[in-house]
2 protein chains.
Amino acid sequence: MWFTIDFESEEAYYSQLCNQVILGIAMEQYKEGDTLPSVRQMAEMIGINMHTVNKAYSILKQEGYLKVDNRRGAVVSLDVDKLRAMQELQKSLSVLLAKCHCKNITRDEVHALIDEIYDNYGGED
Amino acid sequence: MWFTIDFESEEAYYSQLCNQVILGIAMEQYKEGDTLPSVRQMAEMIGINMHTVNKAYSILKQEGYLKVDNRRGAVVSLDVDKLRAMQELQKSLSVLLAKCHCKNITRDEVHALIDEIYDNYGGED
DNA sequence: CAATTGTGATAGTTCCATTATAACAGAGGT
DNA sequence: ACCTCTGTTATAATGGAACTATCACAATTG
């Protein structure tokens with residue numbers, strides 16, 4: 001996986017990194033038990049400060065994507081709290097779909113786009 | 001429509017207000033040509049500063065939900081740039097659906113949730 | 001003229017994001 | 001034991017965003 005930070009983006013560096021890790025897990029380039037680069041390695045690799053990487057890893061840990069094993073570093077470990085995830089999904093979608101409706105994007109177009117994106121992630125779900 | 005600010009939320013006040021206006025338009029409680037409360041009225045009504053309301057209105061204007069008519073105030077005026085809206089939708093969904101996949105939320109569950117939410121907005125779309 | 005509209009300038013406060021430097025405990029390799 | 005690497009914490013400094021406050025101005029309506 002190739003991690004890169006868009007230094008021109010308005011999105012915070014730690015947020016960009018979080019999202020890329022989640023994308024990597026969803027696309028199964030990182031699987032349960034795999035280790036991510038250490039905070040120092042990752043920091044030097046993508047050109048940001050160690051603490052910014054640490055902040056991203058801390059958030060990912062809290063949200064149930066990683067666990068930390070001293071010496072091994074950050075290990076992909078999925079803690080599935082489906083109920084909470086569904087609640088957050090509903091909240092995000094309510095605003096997102098409101099915008100779609102205002103912009104004349106039909107329900108079917110949203111469904112089609114979702115199928116298209118979901119095909120990039122693991123096989124059968 | 002009842003506008004309220006959650007002062008305990010991490011979300012910025014201007015962002016909360018933007019989303020509520022968009023929700024109001026999507027649910028057709030505000031229609032093309034309707035006027036929103038003036039920046040001063042709205043500010044006093046929901047208990048925040050005039051300039052924070054102005055910031056929200058400016059963003060909504062730039063994103064094509066309002067136009068500003070001196071003396072009348074903020075008028076709902078939908079400028080549909082569907083191509084841009086689709087691009088932003090795809091970007092938002094790619095991260096959102098990655099999280100769903102990691103949390104074992106199936107494609108069908110996402111489709112069902114979308115139908116449920118979309119039913120709250122205008123009729124036939 | 002009076003009142004209200006959006007808008008702009010300026011200033012102050014608070015908080016977040018980011019960087020920098022330093023230090024510490026825990027674990028593996030030699 | 002010693003060295004090295006891990007995450008983690010503390011502290012400080014900087015820049016910028018969010019929010020508030022006050023004053024002011026051009027434009028429009030009654």
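Residues numbered from 1 in each chain as written. Chains lettered and ligands numbered in written order. Predicted model: local features only at pLDDT ≥ 70, side-chain atom pairs only at ≥ 80, totals over all residues. Heavy atoms only, no water.

Undergrad: Where do I start with unusual backbone geometry in this structure?
TA: A negative phi angle characterises most non-glycine residues, just as the trans form characterises most peptide bonds. All names here are of chain B. Not every positive phi belongs to a glycine, and E28 is a case in point at roughly 65 degrees. Even without being glycine, N104 reaches a positive phi, approximately 65 degrees. With respect to the helices and strands, the residue N104 is situated in the loop between α4 (82-102) and α5 (107-118). Overall, the relative accessible area of 41% leaves N104 in the partly exposed class. (Helix = DSSP H or I, 4+ residues; strand = E, 2+ residues; numbered from the N terminus. Buried < 20%, exposed > 50% of the residue type's maximum accessible area, 1.4 Å probe, protein only.)

Undergrad: Could you clarify how one ought to interpret the protein's contact with DNA strand C in this entry?
TA: In the vicinity of DNA strand C lie 23 residues, with Y13, H51 and K55 of chain A together with R40 and R71 of chain B positioned nearest. In the environment of DNA strand C, a phosphate oxygen lies 3.1 Å from a nitrogen or oxygen atom belonging to the side chain of S38 of chain B. At a separation of 2.5 Å, a base nitrogen of DNA strand C approaches a polar side-chain atom of R40 of chain B. Breaking the surface near DNA strand C down by element, the ones donating at least two residues are α1 (13-26) and α3 (50-62) of chain A together with α2 (39-46) and α3 (50-62) of chain B. Here the surface near DNA strand C is built from residues that sort into eight nonpolar, ten polar and five charged. (Near = heavy atom within 4 Å. Polar contact = N/O pair within 3.5 Å; in protein donor to acceptor, adjacent residues only side chain to side chain. Nonpolar A, V, L, I, M, F, W, Y, C, P; charged D, E, K, R; others polar.)

Undergrad: What exactly am I supposed to notice about the domain arrangement of chain A here?
TA: As a measure of interface size, the accessible area lost when the parts come together is often cited. Domains assigned within chain A are domain 1 (13-76) and domain 2 (82-118). A C-alpha centroid distance of 27 Å is found between domain 1 of chain A and domain 2 of chain A. (Domains from an automatic or database assignment.)

Undergrad: Which parts of the structure should I look at to understand the relation of the copies chain A and chain B?
TA: Both copies of the chain are related by a screw-like operation: a rotation about an axis and a shift along it. Overlaying chain A on chain B yields an RMSD of 0.1 Å, the required transformation being a rotation through 180 degrees with an accompanying axial translation of 0.0 Å. Expressed as a symmetry operation, the mapping of one chain copy onto the other fits a two-fold axis. Proximity to the rotation axis, assessed at the C-alpha, singles out H111 of chain A in chain A; its C-alpha lies 3.3 Å from the axis. A shared interface surface links the copies, since 100% of the contact residues of chain A are contact residues in chain B too. (Least-squares fit on C-alpha atoms with pLDDT ≥ 70 in both. Contact = heavy atoms within 4.5 Å.)

Undergrad: Could you clarify how one ought to interpret the packing of helix α2 (residues 39-46) of chain A against α3 of chain A in this entry?
TA: Between two packed helices, what matters for the description is the angle formed by their axes and the separation of those axes. All names here are of chain A. Remark: α2 packs on α3, axes separated minimally by 8 Å, with the N-to-C direction vectors making an angle of 120 degrees. Both α2 and α3 take part in a crossing whose hand is right-handed. Across the interface between the two elements, V39, R40, M42 and A43 from α2 touch M50, V53, N54 and Y57 from α3. Grouping the amino acids of the contact of α2 with α3 by side-chain chemistry returns six nonpolar, one polar and one charged. (Axes fitted to C-alpha atoms, helices over the stretch in contact; angles between N-to-C directions. Left-handed = near helix turned anticlockwise from the far one by under 90°.)

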